[in-house]
Amino acid sequence: MKLKLSLLLLSINFGLKTCVFADTIDFNIDKQLDYCDVQIKKTLKSISSDSCLMPRSIEPNQKNWNTVDIYDWTSGFWPGILWYDYEETHNKSIEVKATEYTECLFPLLSYEHKNDHDIGFQIFCSFGNAYRLTKNNAYKKAILIGANKLASLYNPKVGTILSWPWIKNKAWPYNTIMDNMMNLEILFWAARNGGSHDLYDIAVSHATVTMKNSFRKDGGNYHVAVYDTIDGHFIKGVTNQGYSDNSLWARGQAWAIYGYTMVYRETRDKVFLRFAEKVTNLYLRRLPADYIPYWDFDAPDLLKQPKDASAAAITAAALLELSTLEDNARLAKKYFNASICMLKELSSKRYRDKGKPSFLLHSTGNYPAKYEIDASINYADYYYIQALLRYKEMLKRSE
Ligand code: GLY
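Draft legend 1. Spotlight on the state of the cysteines. Tallied over the full model, the rule gives one disulfide. The disulfide bridge from C52 ends at C104, spanning 2.0 Å between sulfur atoms. Its torsion about the S-S bond being -80 degrees, the disulfide of C52 and C104 is classed as left-handed. In this pair, C52 is assigned in the loop between α2 (29-46) and β1 (54-58) and C104 in the loop between α4 (92-103) and α5 (119-134), connecting sequence segments 52 residues apart. We note that C125 lacks a disulfide partner, and the nearest cysteine sulfur, in C104, lies 16 Å from it. Accessibility expressed as a relative area gives 6% for C125, which makes it buried.

Draft legend 2. Summary view of the site of the ligand. Around the ligand, a shell composed of W73, D179, Q241, W249, R251, W255 and Y379 is seen. Here a nitrogen atom of the ligand sits 2.5 Å away from a polar atom, N or O, in the side chain of D179. Interatomic distance of 2.5 Å between a side-chain N/O atom of R251 and an oxygen atom of the ligand. Here the shell around the ligand is built from residues that sort into four nonpolar, one polar and two charged.

Draft legend 3. Fine view of the packing of helix α12 (residues 329-346) against helix α13 (residues 378-397). Running from N to C, α12 and α13 point in directions that differ by 125 degrees, and their axes come no closer than 11 Å. As far as their axial angle goes, α13 and α12 are oblique. In this structure, the crossing between α12 and α13 has a hand that is left-handed. Across the interface between the two elements, F336, I340, L343 and L346 from α12 touch Y384, A387, L388, Y391 and M394 from α13. Looking at side-chain class alone, the contact of α12 with α13 contains nine nonpolar, no polar and no charged residues.

Draft legend 4. Geometry of the sheet that holds strand β8 (residues 376-377). Strand order in the open sheet formed by three strands is β2-β1-β8, with antiparallel pairing between adjacent strands. With one partner strand each, in any of the chains shown, β2 (66-68) and β8 form the two edges of the open sheet.

Draft legend 5. Structural context of the packing of helix α10 (residues 270-286) against α12. The N-to-C vectors of α10 and α12 enclose an angle of 50 degrees; their axes lie 12 Å apart at closest approach. Classed by the angle they form, the pair α10 and α12 counts as oblique. Of the two elements, α10 crosses α12, and the hand of that crossing is left-handed. Between α10 and α12, the contacting residues are E277, T280, N281, Y283 and L284 on the first element and L331, K334, Y335, A338 and M342 on the second.

Definitions and limits used
In every chain, residue numbers begin from 1 and rise along the written sequence. Residues qualify for local features only when their pLDDT is at least 70, as the model is predicted, and side-chain atom pairs are given and counted only at 80 or more; totals for whole chains, interfaces and linings, by contrast, use all residues. In computing side-chain values, all of the structure's heavy atoms are included and hydrogens and water are not. Two cysteine sulfurs form a disulfide in these notes if their separation is within 2.5 Å. Here a strand is any run of E in DSSP of at least two residues, a helix any run of H or I of at least four, and the numbering for each starts at the N terminus. The cut-offs for exposure are 20% and 50% of the maximum accessible area for each residue type, with area from a 1.4 Å probe on protein chains only; residues under the lower value are buried, those over the upper are exposed, and the others partly exposed. We call a residue near a given molecule or strand whenever any one of its heavy atoms falls within 4 Å of it. Any N or O atom pair separated by 3.5 Å or less is treated as a polar contact, with the protein-specific requirement of one donor-capable and one acceptor-capable atom, and with residues adjacent in sequence counted only for side-chain atom pairs. Throughout, the ten residues Ala, Val, Leu, Ile, Met, Phe, Trp, Tyr, Cys and Pro are labelled nonpolar, Asp, Glu, Lys and Arg are labelled charged, and all others, Gly among them, are labelled polar. Between N-to-C directions, angles cover 0 to 180 degrees, with each direction set by a line fitted to C-alpha atoms, over the stretch in contact for helices. We call two directions roughly parallel when the angle between them is under 35 degrees, roughly antiparallel when it is over 145, roughly perpendicular when it lies between 65 and 115, and oblique otherwise. What makes a crossing left-handed is the near helix being turned counterclockwise from the far one by less than a right angle; a clockwise turn instead makes it right-handed. Working rule for contacts: check all heavy atoms of both residues, and any pair within 4.5 Å makes them a contact. In this scheme, strands are said to pair when DSSP sees at least two bridges between them.

Next comes the structure, spelled out in structure tokens:
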């Protein structure tokens, strides 16, 4: 096994035209995780958990985090980052903070709180990691409630979850967005851990219907699929955060890569593996040489567009997993190599500003709405540290 991983690593240096920038830096996994720990401590000094405000993003002209309340869609990422850091460092004071910030999120589970699909991100990144590391039964209950709240948005006529229940008009009678693929994970987990088997069926139906309607022939995603509520038919694919309805929004494609990889892990249905390959291969084909996408692959004057490090971090984490699930050795190697190239570039000084407490620079949150452009964003950091830990685990397993 050790030999296998060494061969994979060797092929990064010799086999690929790319990784040109990334090859020039020293990539030491422990060094990257130490860096994350240092940045986390800076963040902890700059905010207070008494108020339950979560660090969300740092705009290019700012030096510190903009914080959000627990109802923001990104509120689970900061507790999740703390749990990953605790997993690595075993530092008790980080565990205390991870616990405090996670428990801030309990009000999201109240039935008075009308959630959308983001309840999956909010609850699974926080309580999911908390339960994985502590086995505290209160956290397990929180995940099960979160999964049921997500499932309550499922419409059997359409076969998907209604992602944004607060948008309902003539143009968009019913919407299902690509990001929602990520939140099937809490349903699969709940179905395996005492929840109803219906949760599994809902996740599989959502993934299947989304696969049919939310993608163009080449495997590129529509951010938003619009459906009819009377007979459930697919009306059109449009964008919300991408450049145009038919353009390839980088983070949307990253959510698809991660989502279908996870659905294959949970179902072992090869249809989903083949689809994960299809969406991945398109993304890799269209990447620039440094492995970090611009925010939309089809935005005009591409070289002048801002990058999206968050898409790269999500994809890097996903491809490590996909490489372990592959039944095709050539593809396994290709995905593993690509992921390491992404991680190397994200770990370079081009993505770091020691003056800011985030891990990564250069993410684009919502270009059309003109915010978080070329910014630090908490979900980029979350998937970056997740990817580092996945890689470290793979190295350990190969020893
Ligand atoms: N889930 C929203 C986004 O990806 O920006």
